[in-house]
Amino acid sequence: MDTGARLKMSHIAGVTLVVPDYDEAITHYCTGLGFDLIEDTDLGGGKRWVLIAPKGSSETRLLLGKASNEGQRAAIGNQAGGRVFLILFTDDFARDHERFGAAGAVFTETPRHETYGTVAVFRDKFGNLWDLLEPK
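Residues numbered from 1 in each chain as written. Predicted model: local features only at pLDDT ≥ 70, side-chain atom pairs only at ≥ 80, totals over all residues. Heavy atoms only, no water.

Asks: Which parts of the structure should I look at to understand the layout of surface pockets?
Replies: Where empty space is left becomes clear once a probe the size of a water molecule has been rolled over the atoms. Taken as a whole, the largest pocket spans an internal volume of roughly 320 Å³. Contributing to the lining of the largest pocket are 15 residues, with P54, K55, F89, R95 and D96 lying nearest its centre. Looking at the lining of the largest pocket, the elements with two or more residues in it are β5 (86–89) and α3 (93–102). Looking at the lining of the largest pocket, the element that brings in the most residues is α3, giving four residues. Looking at the second largest pocket, it is lined by 15 residues, and the ones nearest its centre are Y22, K47, G65, K66 and Q72. Residue assignment for the lining of the second largest pocket shows that the elements contributing at least two residues are β1 (14–19), β3 (47–53) and β4 (61–66). In terms of residue count, β4 provides more of the lining of the second largest pocket than any other element does, four residues in total. For the lining of the second largest pocket, the residue count by class is seven nonpolar, five polar and three charged. (1 Å grid on protein atoms, 1.4 Å probe; cavity = no way out; pocket = protein on both sides within 12 Å on 5 of 7 lines; lining within 4 Å. Points joined across faces, edges and corners; volume = space filled by probe spheres on them. Helix = DSSP H or I, 4+ residues; strand = E, 2+ residues; numbered from the N terminus. Nonpolar A, V, L, I, M, F, W, Y, C, P; charged D, E, K, R; others polar.)

Asks: Would you explain the pairing of strand β9 (residues 129–135) in this entry?
Replies: Put simply, side chains in a regular strand alternate between the two faces of the sheet. Within β9, five of the seven residues are buried, which leaves the element mostly enclosed by the surrounding structure. Across four bridges, the pairing between β5 and β9 is parallel. Among the inter-strand pairings, I87 is bridged to a residue of β9, identified as D131. Of the strand pairs in this sheet, strand β8 (residues 117–123) and β9 are connected by seven bridges, and their pairing is antiparallel. Across the sheet, G117 pairs through a bridge with P135, a residue of β9. (Buried < 20%, exposed > 50% of the residue type's maximum accessible area, 1.4 Å probe, protein only. Pairing = 2+ DSSP bridges.)

Asks: Is there a simple way to explain a nonpolar patch on the surface in this structure?
Replies: The grouping of V84, I87 and F89 at the surface amounts to a nonpolar patch, some 300 Å² of accessible area in total. Topologically, I87 is positioned in strand β5. The class for I87 is exposed, based on a relative accessible area of 55%. (Patch = residues over 30% accessible without salt bridge, like charges linked within 9 Å, V, L, I, M, F, W, Y side chains within 5 Å. Areas by Shrake-Rupley, 256 points an atom, 1.4 Å probe, with all protein chains shown as cover. Salt bridge = Lys/Arg side-chain N within 4 Å of Asp/Glu carboxyl O.)

Asks: It is not clear to me how the environment of L17 should be interpreted in this structure. Could you clarify?
Replies: Along the chain, the position of L17 falls in strand β1. Spatially, the C-alpha atoms of L17 and A67 are 9.6 Å apart, while their sequence positions differ by 50 residues. Residue contacts for L17: discarding those within four places in its chain leaves Y29, L62, L63, L64, G65, Q79, F85 and N128. (Contact = heavy atoms within 4.5 Å.)

Set out below in structure tokens:
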């Protein structure tokens, strides 16, 4: 490696989200929750490189990874051991709260107003827990 070369490490570019099926996940996150489909490339052998992101996100992506064995299937919806796995910022809590509920997300609590903003935990179609958060 060229010791003069430096990598800029300023953000996490992606997080893998294990799902049971690519197309079902794309439909849920993109059509239902309003995320953007950034890339969907066939890698052969039943594997795809599928990147999604919340509308307007310029940095962090979710890589949808189709579970391919029992261990991975067991992780679907429990990737953080029962804790909130992902935090999604919004600029309009009421709009997204309504949209996500209509798309099959299940809110596990009523919205609450904290010193840092309005927040509620929801469970997506696959069981993952998220914070929907409109920061102050």
